[in-house]
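Chains, contacts and geometry: an overview
Take a look at the letters that make up each chain.
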Amino acid sequence: MPSRLRKTQKLQSHMSHGHDCMGKHRKHLGGQGNAGGLHHHGIDFAKHHPGRFGKAGVRHDHLQRSQSFCPAVSLDKLWTSVSEQTRVNAARNMTGAAPITDAVRSGYHKVLGERPLPKQSVVVKAAFFSRRAEKIKECWWGLWAGSLKPHGGKFI
């Protein structure tokens, strides 16, 4: 498109150049980005972004995320850590020794009892069991290894 047909050609010599009748079109009059959130844009921020400014929660000095690291796995997903051949043999031989599943070796510390389980016995080793998993442990006919709870580097 040639410049003689563009709108800017017609607006030359007009002071506002198409940007409102008062003043000039300047670059960042209110400031860039989130500027003025507590001052000249405060009403807009309070309306559209409540809770943006101020403190929230309790401070935790020297927070170490590794202390609360506890990846969890559901009971029905535990069979994925056992090989397919082991699972088939366990299904075929119900009276024999149940396969041992170590959740910690698979990268999970806590076992959750969320979904229905396959009707096969299994020995589960984990650091923690949820309350629902403990209930399933009581009524389910599978074997479970005891819950090992780390305390200060020792298992108690």
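As a reminder, the structure under discussion sits directly above these lines.
Residues numbered from 1 in each chain as written. Predicted model: local features only at pLDDT ≥ 70, side-chain atom pairs only at ≥ 80, totals over all residues. Heavy atoms only, no water.

Description of the overall build of the protein
Looking only at helices and strands, the protein has 4 helices and 7 strands in total. If you list the helices and strands of the protein from N to C, you get α-α-β-α-β-β-β-β-α-β-β. Buried positions account for 22% of the 156 residues belonging to the protein. Excluding contacts between residues fewer than 6 apart, the proportion of contacts in the protein whose partners are at least 24 apart in sequence is 33%. Carbon and sulfur atoms provide 54% of the accessible area of the protein, an area that totals close to 12,700 Å². (Helix = DSSP H or I, 4+ residues; strand = E, 2+ residues; numbered from the N terminus. Buried < 20%, exposed > 50% of the residue type's maximum accessible area, 1.4 Å probe, protein only. Contact = heavy atoms within 4.5 Å. Areas by Shrake-Rupley, 256 points an atom, 1.4 Å probe, with all protein chains shown as cover.)

Here we look at the environment of Tyr 108
Here Tyr 108 lies in the loop between β2 (100-102) and β3 (110-112). Taking the C-alpha atoms as reference, Tyr 108 lies 9.9 Å from Phe 69; in sequence the two are 39 residues apart. If we ignore the near neighbours within four places in the chain, the residues touching Tyr 108 are Pro 71, Ala 72, Val 73 and Ala 103.

Brief notes about empty space enclosed by the protein
Summed over the entire model, instances satisfying the criterion amount to 2 cavities of 30 Å³ or more. Estimates place the volume of the second largest cavity at around 30 Å³. If you trace the second largest cavity, you find it lined by Ala 90, Asn 93, Met 94, Gly 96, Ala 97, Ala 98 and Ser 121. In terms of residue class, the lining of the second largest cavity is made up of 4 nonpolar, 3 polar and no charged. (1 Å grid on protein atoms, 1.4 Å probe; cavity = no way out; pocket = protein on both sides within 12 Å on 5 of 7 lines; lining within 4 Å. Points joined across faces, edges and corners; volume = space filled by probe spheres on them. Nonpolar A, V, L, I, M, F, W, Y, C, P; charged D, E, K, R; others polar.)

A few points about the sheet that holds strand β1 (residues 72-74)
Spatially, β1-β3-β5 is the arrangement adopted by the 3 strands of the open sheet, whose pairing is parallel. Since the sheet does not close on itself, it has two edges, and those belong to β1 and β5 (128-129), each with one partner. Summarising the sheet, β1 and β3 pair through 3 bridges and their orientation is parallel. Bridged to Ala 72 within β3 is Lys 110. (Pairing = 2+ DSSP bridges.)

Observations regarding the packing of aromatic side chains
Going through the model one piece at a time under the given rule, you end up with 1 aromatic pair. Over the ring of Phe 53 we find Arg 52; its NZ or CZ atom is 5.5 Å from the centre of that ring. (Phe/Tyr/Trp six-rings, centres within 6.5 Å; stacked < 30°, edge-to-face > 60°. Lys NZ or Arg CZ within 6 Å of the ring centre and 35° of its normal.)

Comments concerning the environment of Asn 34
Inspection of the secondary structure puts Asn 34 in the loop between α1 (7-11) and α2 (42-48). Residues Asn 34 and Phe 45 lie 11 residues apart in sequence; the distance between their C-alpha atoms is 9.0 Å. What Asn 34 contacts, discounting residues up to four positions off in sequence, is Phe 45 and Arg 52.

Comments concerning the side chain of Ser 74
One can find Ser 74 in strand β1. The exposure class of Ser 74 is buried, given its relative accessible area of 7%. Among the polar contacts made by the side chain of Ser 74, one reaches the side chain of Asp 76 at a distance of 2.9 Å. In contact with Ser 74, other than residues within four places in its own chain, are Leu 112, Glu 114 and Arg 115. (Polar contact = N/O pair within 3.5 Å; in protein donor to acceptor, adjacent residues only side chain to side chain.)

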